[in-house]
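# Summary of the model geometry
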Amino acid sequence: MGDDEHQHDFQEAGSGASATYPIQCSALRKNGYVLLKGRPCKIVEMSTSKTGKHGHAKVHLVGLDIFTGKKLEDISPSTHNMDVPNVSRNEYQLLNVDDNFLSLMTNDGSTKDDVRVPEGEMGKSLEADFNDGKELLVTVINAMGEEAVVSYKEAPKS
């Protein structure tokens, strides 16, 4: 066994944090985030059932996928751990809209060109406002390697 067998190419991750972290089910709260069926969700409804004769209290979670808006449900014993996605929100200045992708400026002045124009009404109004010459700040949510625009606003006039 030579050293050449142990060559690994580690990809860089933001601040060395993993995509998720475990938390006890009973510690989850409404409007918090949780992984339901492998998707990052915002908890919209939560109820706890009483323990059975031999069982655990169960927590019934209803969440909306933060990227697709799809409703997902799960039931888990309150003593078990569930994964919570590391969700970050960043605000970027919109530089350009090109071929269904946004060109954004990060805080350090570099550009970010891999965020899609949001679907539906928000995407249409964002493009219309941008084409009207408004300076826009776009809020991008990031979890588990996925990114999506959640909102935008006009940049304050300096």
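The name an unreviewed UniProt entry gives the protein chain is Eukaryotic translation initiation factor 5A, with Gigaspora margarita as the organism. According to UniProt, the comment filed for the protein chain under the heading Sequence similarities (unreviewed entry) is "Belongs to the eIF-5A family." As its UniProt record puts it under Subcellular location (unreviewed entry), the protein chain is described as follows: "Cytoplasm".

### So, the environment of Thr111
As for its position among the elements, Thr111 is in strand β9 (residues 111-116). Distance from Thr111 to Tyr92, taken between C-alpha atoms, is 9.4 Å for residues 19 residues apart in sequence. Contact partners of Thr111, with chain neighbours within four places excluded, come to Leu95 and Leu104.

### Side note on the pattern of salt bridges
Side-chain pairs of opposite charge can arise whenever the charged atoms involved come near each other. Scanning the model with the defined rule gives six salt bridges in all. Between Asp65 and Arg39 there is a salt bridge, with its nearest N and O atoms 2.6 Å apart. Taken together, the residues span a long stretch of sequence, with Asp65 in strand β4 (residues 58-65) and Arg39 in strand β3 (residues 39-49) at a distance of 26 residues. When its relative accessible area of 4% is taken as the criterion, Asp65 is described as buried. Relative accessible area serves as the criterion here: at 25%, Arg39 is assigned to the partly exposed category.

### A short note on the pairing of β4
Two strands pair when backbone bridges link them, and β3 and β4 are joined in this way by eight bridges, in the antiparallel orientation. Counterpart to Ser49 in the pairing with β4 is Lys58. Across seven bridges, β4 lies against strand β5 (residues 71-77) in antiparallel orientation. Bridging across to β5, Leu64 finds its partner in Lys71. From the end of β4 to the start of β5, which pair antiparallel, there are five residues, and Gly69 there has a positive phi angle of about 80 degrees.

Rules behind the numbers
- Residues numbered from 1 in each chain as written.
- Predicted model: local features only at pLDDT ≥ 70, side-chain atom pairs only at ≥ 80, totals over all residues.
- Heavy atoms only, no water.
- UniProt positions renumbered as here; feature names shortened; annotations may be inferred.
- Helix = DSSP H or I, 4+ residues; strand = E, 2+ residues; numbered from the N terminus.
- Contact = heavy atoms within 4.5 Å.
- Salt bridge = Lys/Arg side-chain N within 4 Å of Asp/Glu carboxyl O.
- Buried < 20%, exposed > 50% of the residue type's maximum accessible area, 1.4 Å probe, protein only.
- Pairing = 2+ DSSP bridges.

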